[in-house]
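The chain contents come next:
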Amino acid sequence: MGYAMRCNICEVVVHRRCTRRVNNTCGMPAQYAEYYHDCQEKVVRKAMGSNSKSMNGWVRVYSTREPKWLSSFAVLDKGRLSFFDKEPLAGQLDNPRLRLELDNKAWSVRFLGEGPNGERDGDFNNCIQIRHQGEVIHIMCPTDSATAHWMGSLQAASKDRHFMTRSPSAFANNSLVLALDTPQNLNVNAVNVFDDWLLIAAQEGLFATPIADPRNPFPLFCSGAFHSVLYIKDVDVVVTVSNQNRQLGLISASELRIQLNQPRPTVHLQNLPGIEYAHMIEYHQEGQQKYLLVADANSIHILQQKRDFFAPCLKLELDEPATCMLSAHGGIYYGSDKYYHATMLYSGKPKIVALTEEHMADYPMAVLETGDDEVLLAYQNHGIFVNSRGERTRNSIVEWELTPMEFAYSKPYLFVVHCDSLEIMQVYENEGLNSRTVSEERDVYNTKQAHIVGNGPSDEVLVTISSSQRMELHSFGVKSGKRGGSKRRAITNAFGSFEKKIRPVI
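Residues numbered from 1 in each chain as written. Predicted model: local features only at pLDDT ≥ 70, side-chain atom pairs only at ≥ 80, totals over all residues. Heavy atoms only, no water.

### Observations regarding the pattern of salt bridges
We count it as follows: Salt bridges are defined by distance alone: a side-chain nitrogen of Lys or Arg within 4 Å of a carboxyl oxygen of Asp or Glu. What counts as a helix is a DSSP run of H or I of at least four residues, what counts as a strand is a run of E of at least two, and both are numbered from the N terminus. Burial classes follow relative accessibility: with a 1.4 Å probe on protein chains only, a residue under 20% of its type's maximum area counts as buried, one over 50% as exposed, and anything between as partly exposed.
Scanning the entire structure with this criterion turns up 16 salt bridges. Across the pair Glu135 and Arg65 runs a salt bridge whose closest N-O atoms are separated by 2.9 Å. With a gap of 70 residues between them, Glu135 in strand 9 (residues 135–140) and Arg65 in the loop between strand 3 (55–63) and strand 4 (70–77) connect regions that are remote in the sequence. A salt bridge links Glu472 to Arg470, with the shortest nitrogen-to-oxygen separation between them at 2.8 Å. Like Arg470, Glu472 is buried.

### Focus: unusual backbone geometry
A cis amide bond links Thr182 to the next residue, Pro183, at an omega of 5 degrees. Counting through the fold element by element, Pro183 comes out in the loop between strand 10 (172–181) and strand 11 (188–194). A cis amide bond links Lys411 to the next residue, Pro412, at an omega of 5 degrees. Take Pro412: it is sitting in the loop between strand 31 (404–410) and strand 32 (413–418). Phi at Lys78 is positive, roughly 55 degrees, even though this residue is not glycine. Within the element layout of this structure, Lys78 appears in the loop between strand 4 and strand 5 (80–84).

### Concerning the pairing of strand 15 (residues 226–232)
Quick reminder of the rule: Any two strands with at least two DSSP-identified bridges between them are counted as paired.
Of all seven residues that make up strand 15, seven are buried, and the element is covered over most of its length. Sheet topology note: the strand 15/strand 16 (residues 237–242) ladder contains six bridges and is antiparallel. By the bridge assignment for strand 16, Phe226 is matched with Ser242. Hairpin connection between strand 15 and strand 16: a loop of four residues separates the two successive antiparallel strands, and Asp236 in this loop has a positive phi of roughly 60 degrees.

### Topic: the state of the cysteines
Keep this limit in mind: Disulfide: a pair of cysteine sulfur atoms within 2.5 Å of each other.
Inspection of every chain in the model, using the stated rule, returns zero disulfides. Cysteine Cys127 remains unbridged, with the sulfur of Cys141 as its closest cysteine sulfur at 8.2 Å. Residue classification places Cys127 among the buried residues on the basis of a relative accessible area of 0%.

### Details of the packing of aromatic side chains
For clarity, the threshold we go by: Within 6.5 Å between ring centres, the rings of Phe, Tyr and Trp (the latter by its six-membered ring) count as paired, and their orientation is classed by plane angle as stacked under 30 degrees, edge-to-face over 60, tilted in between.
By the definition in use, this model includes 11 aromatic pairs. Geometrically, the ring pair formed by Tyr62 and Trp69 is tilted, given 5.4 Å between the ring centres and 50 degrees between the ring planes. The class of Tyr62 is buried, set by a relative accessible area of 15%. Plain terms: the ring middles of Phe194 and Tyr231 are 4.8 Å apart, the flat faces sit at 85 degrees to each other, and that makes the pair edge-to-face. Of the two residues, Phe194 is situated in strand 11 and Tyr231 in strand 15; the sequence distance between them amounts to 37 residues. Chaining the aromatic ring pairs together yields one cluster made of Tyr62, Trp69 and Phe124.

### Some words on the sheet that holds strand 22 (residues 309–317)
Spelled out, the test is: Think of each axis as a best-fit line through the C-alpha atoms, taken over the contacting stretch in the case of a helix, with angles from 0 to 180 degrees between the N-to-C directions.
Taken together, four strands build an open sheet; the order of strands is 19-20-21-22 and the sheet is antiparallel. The strands lining the two open edges of the sheet, one partner per strand, are strand 19 (280–286) and strand 22. Going from strand to strand, the sheet's axes swing by 25 degrees on average, the running direction of each strand aside. For strand 21 (residues 299–306) and strand 22, the ladder comprises eight bridges, and the chain directions are antiparallel. Bridge pairing in strand 22 places Ile302 opposite Leu314.

### Concerning the environment of Asn271
Stated precisely, the cut-off is as follows: We call two residues contacting when some pair of their heavy atoms lies within 4.5 Å.
As for its position among the elements, Asn271 is in strand 18 (residues 270–271). Classification of Asn271 by relative accessible area gives partly exposed; the value is 42%. Each residue touching Asn271, except ones within four places of it in the same chain, is listed here: Gln247, Leu248 and Gly249.

### A closer look at the nonpolar core
Spelled out, the test is: Take the buried Ala, Val, Leu, Ile, Met, Phe, Trp, Tyr and Cys residues and link them wherever side-chain atoms come within 4.5 Å; each set so joined is a nonpolar core.
One finds Leu81, Phe83, Ile128, Ile130, Ile137, Ile139 and Trp150 to be the most contacted residues of the largest nonpolar core, which totals 22 residues. Beyond its immediate sequence surroundings of up to four residues, Ile128 is in contact with Val109, Arg110, Leu112, Ile137, His138, Ile139, Cys141, Thr147, Trp150, Met151 and Leu154. Among the nonpolar cores identified, the runner-up in size contains 19 residues, and Ala201, Ala208, Tyr231 and Leu256 belong to it.

### Topic: the sheet that holds strand 9
What holds strands together in a sheet is hydrogen bonding between their backbones, with the strands either parallel or antiparallel. The sheet built from seven strands is open, its strands ordered 6-5-4-3-9-8-7 with antiparallel pairing. One side of each edge strand has no neighbouring strand; the edge strands of this open sheet are strand 6 (98–101) and strand 7 (107–111). Taken over all neighbouring pairs, the strand axes of this sheet differ in orientation by 30 degrees on average, direction set aside. As paired strands, strand 3 and strand 9 are joined by four bridges and run antiparallel to one another.

### A closer look at the confidence of the model for the protein chain
Keep this limit in mind: pLDDT runs from 0 to 100 and stands for how confident the predictor is about each residue.
Across the protein chain, the average pLDDT comes to 82, with 80% of residues at or above 70. Here residues 164–168 scores under 50 on pLDDT; set against residues more than four positions off or in separate chains, the count is 14 contacts. Note that pLDDT drops below 50 for residues 502–506; the model gives that stretch 25 contacts with residues more than four away or on any other chain.

What follows is the structure in structure tokens.
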């Protein structure tokens, strides 16, 4: 693959430029890998010192205020980032050439890996970009180690501002759906609604539990990991991705309904040959034709419904593995090296429109339908609103203050999972190119290992939080009176990992 690399041992697929950032722990026993990660984190923390929000050293700086590279001594301390022409002595920090106030202004930081004008040669591998109140600052660090330390310190300062508190905004109701303690806890990959049941795809197998009275899920399959599960109501079939080879499979919905009411359910899983290492599935209907979309490392396979079966009919070759797929607006959106919209699948020669240009330092993560002929294209560092022809529907972009890991949308709220938090913000209605994008005020939940696993029966966003001892499944639904004012229920904090914070309006 020209733009991606796949490990021969563990089959993980990453962008070619990201290979040097992947830790070499594949093939190790789990305990060895955990020990390796723990030791690595200790080394980084020791190198950064006890106060990770402080940093200083010589860098090169390029800003919109002074559009040329200047050598500067940078000092990050007490929520201020200052740049000096020479190394200041103690008590001489009052006259910097440039100063950014980070505690009370909206700003974002990201590793750029390219120059301010898109330069991509090796000299810019250690370039960091800061966006602060309309000003863009590029910082060139001398070494990889210095870049890591500066990124760690700036991200710590960003998190401090991110978790400032104020009176509750109460965007969404939240409730605990299911809690499992060891040894019954599950490593959940996906959850899907099937009639009055929740189907749970987990590393331990495929499980089910009733929606009305969730309790210990009972197994349907325990022969290997299940990575995805999708009930297609129009076809009345359940699609799964399972086992080490990520094999595509079908379960008859009529058979499943019968077996769910048996003391010991036994369900037949029909594997579909020819597709392995699937990492994403999506259902799509175009006219009277029904399709199953399956993404692997090299392509998107399009399977058409033929009575009770899906038969291969088309394949979209990709330059990079697909990172997202969405059925909307009469076609399918997908992200690969860039974002695309494909229509006319029935013709055998689909019309494919590139919605954006490729950007080496910012890759597609998610595509979310936000309105009639409007989607939010979420990149690693920002988001833009476009229509199915790639035309901008709003002039403003959305800057992520912290690095996003996952996205979900339940009108009118956008859910963003970060490394150690879950953020909820309102997406404003589209009223033209000058429309606002997302609210400044937002709910933030301080949690580690959060994972968006699906949607509930009323389009609630389902999120798991996990530790080695416990798994919790939480439901986040739009408050009545917000779609519009029932009283907000407190979220369970059973093992101290889900703490509500409120990000203020600045």
